[in-house]
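So the chains spell out like this:
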Amino acid sequence: MNVRIEEGWKQALSHEWESSYFAQLAQFVHAEYRAHRVFPPGRQIFAAFDATPFNEVKVVILGQDPYHGDGQANGLCFSVNDGVPFPPSLLNIFKEIHDDVGTPIPASGDLTRWARQGVLLLNATLTVVAHQPGSHQGHGWEQFTDAAIRALAEQREHLVFILWGSYAIRKGAFIDRQRHLVLTSPHPSPLSAHRGFFGNHHFSRANAYLAQHGISPINW
């Protein structure tokens, strides 16, 4: 895989590019894009990193898989392209933001506006075969995204990590809670949102923590 990625991330993840697992992952991903319809489009695989440079990250929101429906995935977790109907989890996120900080539910589900403010919207797995959820899990992406989270946790201070659901919570288990704010709750999926996602106040709590440390808050 010819990795074109924001320079700060390129340096922070320099060990990964040279590793044997990443070479195998790159081979696998190339072959999958040749053989199948894979999302997101190839140029957007690393969109989360490009939209939110390493040294500008303030908040990390962790997802699992890209959306596998036509025209949905744009390389940012939970985000969809303009004009695409909101998936249920994204709609629940917007409802919680409205209840928490008063922001109206927007017309667009494209979360690039957050990414440009310092919100890293990172899926654990960066690619997926169309209509086959989980199809690219277990091939090395998880190791790569673990390395990205570890680089932030170890090299940066006073970040907010937002982990929704048991998968994300497990993935972020190693983050130093003395150095960063880690917010956890059930997932915004309709299956679990009423078990504690609604009312978690993660968006106001994230902004309060950032402000407390002299960091400009996010306009959710």
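The rules behind the values
- Residues numbered from 1 in each chain as written.
- Predicted model: local features only at pLDDT ≥ 70, side-chain atom pairs only at ≥ 80, totals over all residues.
- Heavy atoms only, no water.
- Axes fitted to C-alpha atoms, helices over the stretch in contact; angles between N-to-C directions.
- Helix = DSSP H or I, 4+ residues; strand = E, 2+ residues; numbered from the N terminus.
- Parallel < 35°, antiparallel > 145°, perpendicular 65-115°, else oblique.
- Left-handed = near helix turned anticlockwise from the far one by under 90°.
- Contact = heavy atoms within 4.5 Å.
- Nonpolar A, V, L, I, M, F, W, Y, C, P; charged D, E, K, R; others polar.
- Core = buried A, V, L, I, M, F, W, Y, C linked by side-chain atoms within 4.5 Å.
- Buried < 20%, exposed > 50% of the residue type's maximum accessible area, 1.4 Å probe, protein only.
- Salt bridge = Lys/Arg side-chain N within 4 Å of Asp/Glu carboxyl O.
- Pairing = 2+ DSSP bridges.
- 1 Å grid on protein atoms, 1.4 Å probe; cavity = no way out; pocket = protein on both sides within 12 Å on 5 of 7 lines; lining within 4 Å.
- Points joined across faces, edges and corners; volume = space filled by probe spheres on them.

**Student:** Pulling in residues and values, what's your account of the packing of helix H3 (residues 20-35) against helix H7 (residues 141-155)?
**Tutor:** Each pair of packed helices gets described by two things: the angle between the helix axes and the distance between those axes. For the pair H3 and H7, the least separation of the axes is 9 Å and the interaxial angle reads 125°. By the criterion of interaxial angle, the relationship of H3 to H7 is oblique. By crossing handedness, the relation of H3 to H7 is classed as left-handed. From H3, Tyr21, Phe22, Leu25 and Val29 reach across to H7, where they touch Trp141, Gln143 and Phe144. Considering only residue class, the contact of H3 with H7 consists of six nonpolar, one polar and no charged.

**Student:** Help me get a handle on the nonpolar core, residues and values and all.
**Tutor:** Counting residues in each nonpolar core, the largest one holds 71 residues, and the members touching the most others are Trp9, Phe46, Phe49, Ile61, Trp114, Phe144 and Trp220. Tallying contributions element by element places H7 first for this core, with eight residues. Filtering out sequence-adjacent residues up to four positions away, Ile61 remains in contact with Cys77, Phe78, Trp114, Val119, Leu120, Leu121, Leu122, Ile162, Trp164 and Trp220.

**Student:** Could you give an account of the pattern of salt bridges, naming the residues involved and the relevant values?
**Tutor:** Evaluation of the coordinates by the stated rule reveals three salt bridges. Asp70 is paired through a salt bridge with Arg37; the nearest N and O atoms lie 2.9 Å apart. A residue pair is termed long-range when its members are at least 10 positions apart, and Asp70 in the loop between strand E2 (59-63) and helix H5 (88-101) and Arg37 in the loop between H3 and strand E1 (38-39) qualify at 33 residues. The class for Arg37 is partly exposed, based on a relative accessible area of 47%. Taking the shortest distance from any N to any O, the salt bridge between Asp146 and Lys171 comes out at 2.6 Å. With Asp146 in helix H7 and Lys171 in helix H8 (residues 165-171), this residue pair connects regions lying 25 residues apart in the sequence. Residue Lys171 is classed as buried on the basis of its relative accessible area, which comes to 10%.

**Student:** Which residues make up the sheet that holds E2, and what values go with them?
**Tutor:** Through backbone hydrogen bonds, the strands of a sheet pair up, either in parallel or in antiparallel fashion. The strand order across the open sheet built from four strands is E3-E2-E5-E6, with neighbouring strands paired in parallel fashion. Of all strands in the sheet, those with a lone pairing partner are strand E3 (119-123) and strand E6 (181-185), marking the two edges. Geometrically, the sheet is characterised by an average inter-axis angle of 20° between neighbouring strands, direction not taken into account. Taken together, the five bridges between E2 and E3 define a ladder with parallel strand orientation. Within E3, the position partnered with Gly63 by the bridge is Asn123. Seen against the sheet, H7 touches E2, E3 and strand E5 (160-164) and runs at an angle of roughly 155° to E3.

**Student:** Before we move on, can you summarise the layout of surface pockets with the specific residues and values?
**Tutor:** As a volume, the largest pocket reaches approximately 480 Å³. In this structure, the largest pocket is lined by 29 residues; those nearest its centre are Asp65, Tyr67, Phe78, Ser89 and His187. Taken together, the elements giving at least two residues each to the lining of the largest pocket come down to E2, H5 and H8. Looking at the lining of the largest pocket residue by residue, the classes come out as 13 nonpolar, 15 polar and one charged.

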